[in-house]
2 protein chains.
Amino acid sequence: MHGADDRHRVPPGDPIHLADHAPDDTGEMRKSEAKKELAELRDEIDTLQRLLYATQRHALLVILQGMDTSGKDGTIRKVLGGVNPQGCHVTSFKVPTAEEASHDFLWRIHRAVPGRGMIGVFNRSHYEDVLVVRVEGLAPEEEWRRRYDAINAFERNLVESGVHIVKCFLHISKEEQRERLLNRLEDPTDQWKFSVGDLAPRARWDAYMAAYEDAVNRCSTEWAPWYVVPADKKWYRNLLVARLVARTLRSLAMEWPPLEAEAVGISIE
Amino acid sequence: MHGADDRHRVPPGDPIHLADHAPDDTGEMRKSEAKKELAELRDEIDTLQRLLYATQRHALLVILQGMDTSGKDGTIRKVLGGVNPQGCHVTSFKVPTAEEASHDFLWRIHRAVPGRGMIGVFNRSHYEDVLVVRVEGLAPEEEWRRRYDAINAFERNLVESGVHIVKCFLHISKEEQRERLLNRLEDPTDQWKFSVGDLAPRARWDAYMAAYEDAVNRCSTEWAPWYVVPADKKWYRNLLVARLVARTLRSLAMEWPPLEAEAVGISIE
């Protein structure tokens, strides 16, 4: 990734203020440039995913968080829509089922972690357990407060086991969310996405931003840093996430596995 | 789907001979025509998948079977590589794990059936339990013989529950498999796919063809017919599977769900 993008990284142990991160930041790029680079990155990600699958040594886990309409679905589609569906598994975490709720908060998450060779995408994740749970008071404070450390330890074990983690907070402005909600109300192919219930978190916007700020600060680690991705402009959001995915896969320096020894010089009858 | 393609359908209750189905059949199409149609179908499938997801009433299950190198992976990539990975889940069935083997043969299959709104793809499936299991003698004859009826009843329940099933046997010739295996031996980006162990089923080709013939004849039903897809030409194979997928989704006559009643006339603060 371009070193310039590291300004979106939350430095471990050096808390940021979300207010300093403009949701409409576009890195002084032009949309046409960004689209061209994204197309190239998609091709590269496609090849790197095949290598990931062939080598069966690493996994990639992409975690997407953000307010409603911030573009979690769109990012998945635009960044990973070109990879072989066989090598990419998306998990959308909803309100926990009765069975999930009968376990600790990481139980259902752990089951969905990608195996070696796979790209896994979490559309929402265990971070909901320090976001909506905190803001809506769904667990006592001492419970959600202990979770930051539990998350860091959980993710550390994954990374030490070959699961590379990319965490993106898709950061939109309250104004941009209004535009997108109005669009959902009007576009007949988008109306099904609109739910009056989604307006409740919007009414508690500041409390959510405070919870997000704590989450990215408490859980940005050397092994799994958070990125605050400006998401008012979809094309810039997609580009940044694609760069992070490509950079992470590229860093694995994978090579095509050689022919197995028994097969050398074999003839096919 | 073009009515002409129905000659690839195995008529329920009217057994076919695989020998009458030429693996190099191309339906008198030109490759360029087929590629153009495939591109159009991919776009249509992408839209239909969004509708499937939006309406949450139906699921689509695509079952791919075929000898090694017949192109199960390639078909998934070429036919479904354009759909949102969030709405498409591929399951590759391998040798059963100890836990899977401790259950009946449909247990692990049932767990992987797509939920409403989803496209599921089975790369191999419960049909292995009347194919490899039969040819390699992994279960007694009375066990695998009873499975045809069990499969038909299982699939019927799925169809009656809104899961639409497309079953494709990717039919290649033994000669074409030889070419593809030789290619795997030579291409550095494909060598990882070659396993000497894969030559054993090749050595029992005729027994496998007999098992496939019985499977498609015994399990082609009105609710879930089998298609014998000529697969020596990848471009024709991809086109036929794409047509089947598109035709099935199209037949659901889905429409964009309207705005929920509470949201009509709402304003966004």
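Residues numbered from 1 in each chain as written. Chains lettered and ligands numbered in written order. Predicted model: local features only at pLDDT ≥ 70, side-chain atom pairs only at ≥ 80, totals over all residues. Heavy atoms only, no water.

> I'd love a proper account of the overall build of chain A, names of residues and values included.
Each helix and strand counted, chain A has 10 helices and 5 strands in total. Here the C-alpha radius of gyration of chain A, 20 Å, is about what a compact globule of 269 residues would show, namely 18 Å. C-alpha atoms of chain A, sized along the principal axes, occupy 70 × 45 × 40 Å. Out of the 269 residues belonging to chain A, those deemed buried represent 55%. Sequence separation of 24 or more characterises 83% of the internal contacts of chain A that already satisfy a separation of 6 or more. Across chain A, the mean location of the 37 positive side-chain charges is 3 Å away from that of the 43 negative side-chain charges. (Helix = DSSP H or I, 4+ residues; strand = E, 2+ residues; numbered from the N terminus. Rg over C-alpha atoms; globule rule 2.2 N^0.38 Å. Buried < 20%, exposed > 50% of the residue type's maximum accessible area, 1.4 Å probe, protein only. Contact = heavy atoms within 4.5 Å. Lys, Arg positive; Asp, Glu negative; His and termini not counted. Charge placed at Lys NZ, Arg CZ, Asp CG, Glu CD.)

> Explain the pairing of strand β1 (residues 59-66) of chain B to me, using residue names and the numbers behind them.
Residue and element names in this part refer to chain B. Of all 8 residues in β1, 8 are buried; the element is thus mostly enclosed. The sheet contact formed by β1 and strand β3 (residues 119-123) spans 5 bridges and is parallel. Within the sheet, the bridge partner assigned to Leu-61 lies in β3 and is Gly-120. (Pairing = 2+ DSSP bridges.)

> An account of the relation of the copies chain A and chain B is needed here, citing residue identities and associated values.
For the pair chain A and chain B, the superposition axis carries a translation of 0.0 Å, the fit reaches an RMSD of 0.0 Å, and the rotation angle comes to 180 degrees. One copy is carried onto the other by what is essentially a two-fold rotation axis. Comparing interface residues between copies, 100% of those in chain A also sit at the interface in chain B, which points to an isologous, same-surface contact. (Least-squares fit on C-alpha atoms with pLDDT ≥ 70 in both.)

> Explain unusual backbone geometry to me, and be specific about the residues and the numbers.
In this structure, A:Ala253 takes a positive phi of about 45 degrees despite not being glycine. Turning to its location among the elements, A:Ala253 is positioned in the segment after α10 (234-250). Despite not being glycine, B:Thr69 shows a phi value in the positive range, around 70 degrees. Secondary-structure assignment places B:Thr69 in the loop between β1 and α2 (72-80). For B:Thr69, a relative accessible area of 8% gives the class buried.

> I'd like to hear about the sheet that holds strand β1 (residues 59-66) of chain A, residue by residue, with values.
Paired through backbone hydrogen bonds, the strands of a sheet run either parallel or antiparallel to each other. Residue and element names in this part refer to chain A. With parallel pairing, 5 strands are arranged side by side in an open sheet as β2-β3-β1-β4-β5. In this open sheet, the two strands that pair with only one neighbour each are β2 (88-92) and β5 (226-230). Across the sheet, the mean angle separating the axes of adjacent strands is 20 degrees when strand polarity is ignored. By the bridge criterion, 5 bridges tie β2 to strand β3 (residues 119-123) in an arrangement that is parallel. The residue of β3 that forms the bridge with Val-90 is Val-121. Where helix α9 (residues 205-218) meets the sheet, it contacts β1, β4 (163-171) and β5, and its direction lies at approximately 155 degrees from that of β4. (Axes fitted to C-alpha atoms, helices over the stretch in contact; angles between N-to-C directions.)

> Which residues make up the sheet that holds strand β2 (residues 88-92) of chain B, and what values go with them?
Residue and element names in this part refer to chain B. The parallel open sheet is built from 5 strands, whose spatial order is β2-β3-β1-β4-β5. Lying at the two open borders of the sheet, with one neighbouring strand each, are β2 and β5 (226-230). On average, each strand axis in the sheet is tilted by 20 degrees relative to the strand beside it, whichever way the strands run. Most of the contacts of helix α9 (residues 205-218) go to strand β4 (residues 163-171), to which it runs at about 155 degrees, and overall it touches β1, β4 and β5.

> Before we move on, could you go through the environment of A:Trp205 and cite the residues and values that matter?
Residues and elements named next belong to chain A. Relative to the helices and strands, Trp-205 resides in helix α9. Put simply, Trp-205 and Lys-174 are 31 residues apart on the chain and 7.6 Å apart in space, counted from C-alpha to C-alpha. Not counting the four nearest positions on each side in its chain, Trp-205 is found in contact with Met-67, Ile-172, Ser-173, Lys-174 and Gln-177.

> Explain helix α1 (residues 31-55) of chain A to me, using residue names and the numbers behind them.
Residues lying three or four places apart along an α-helix face the same way, a consequence of the helix completing one turn every 3.6 residues. Over its 25 residues, α1(A) extends 35 Å from the first C-alpha to the last, a length consistent with the 36 Å expected when each residue adds 1.5 Å. Positive backbone phi, at 55 degrees, marks A:Gln56, one or two positions downstream of α1(A). (Expected span 1.5 Å × (residues − 1).)

> Go over the interface of chain A and chain B, please, and point to the residues and values.
At the interface, 44 residues of chain A touch 44 residues of chain B. Both faces combined, the contact of chain A with chain B buries some 3900 Å², and carbon together with sulfur accounts for 57% of it. Contact with chain B buries surface across chain A, with A:Gln86, A:Trp192 and A:Ile268 losing the most and accounting together for 20% of the total. The salt bridge involving B:Asp46 is made with A:Arg77; its shortest N-O contact spans 2.9 Å. Our count for the contact surface shared by chain A and chain B stands at 15 residue pairs in polar contact (both at pLDDT 80 or more). Contributions of two or more residues to the side of chain A that touches chain B are made by α1, α2 (72-80), β2, α7 (174-186) and α8 (199-203) of chain A. (Buried area = accessible area lost by both parts, 1.4 Å probe. Salt bridge = Lys/Arg side-chain N within 4 Å of Asp/Glu carboxyl O. Polar contact = N/O pair within 3.5 Å; in protein donor to acceptor, adjacent residues only side chain to side chain.)

> Describe the state of the cysteines, listing the residues and the values that go with them.
Going through the model one piece at a time under the given rule, you end up with 0 disulfides over all chains. Left unpaired, A:Cys88 is separated from the closest cysteine sulfur, that of B:Cys88, by 10.0 Å. The class for A:Cys88 is buried, based on a relative accessible area of 1%. Unpaired in terms of disulfides, B:Cys168 finds its nearest cysteine sulfur in B:Cys88, a separation of 14 Å. (Disulfide = S-S within 2.5 Å.)

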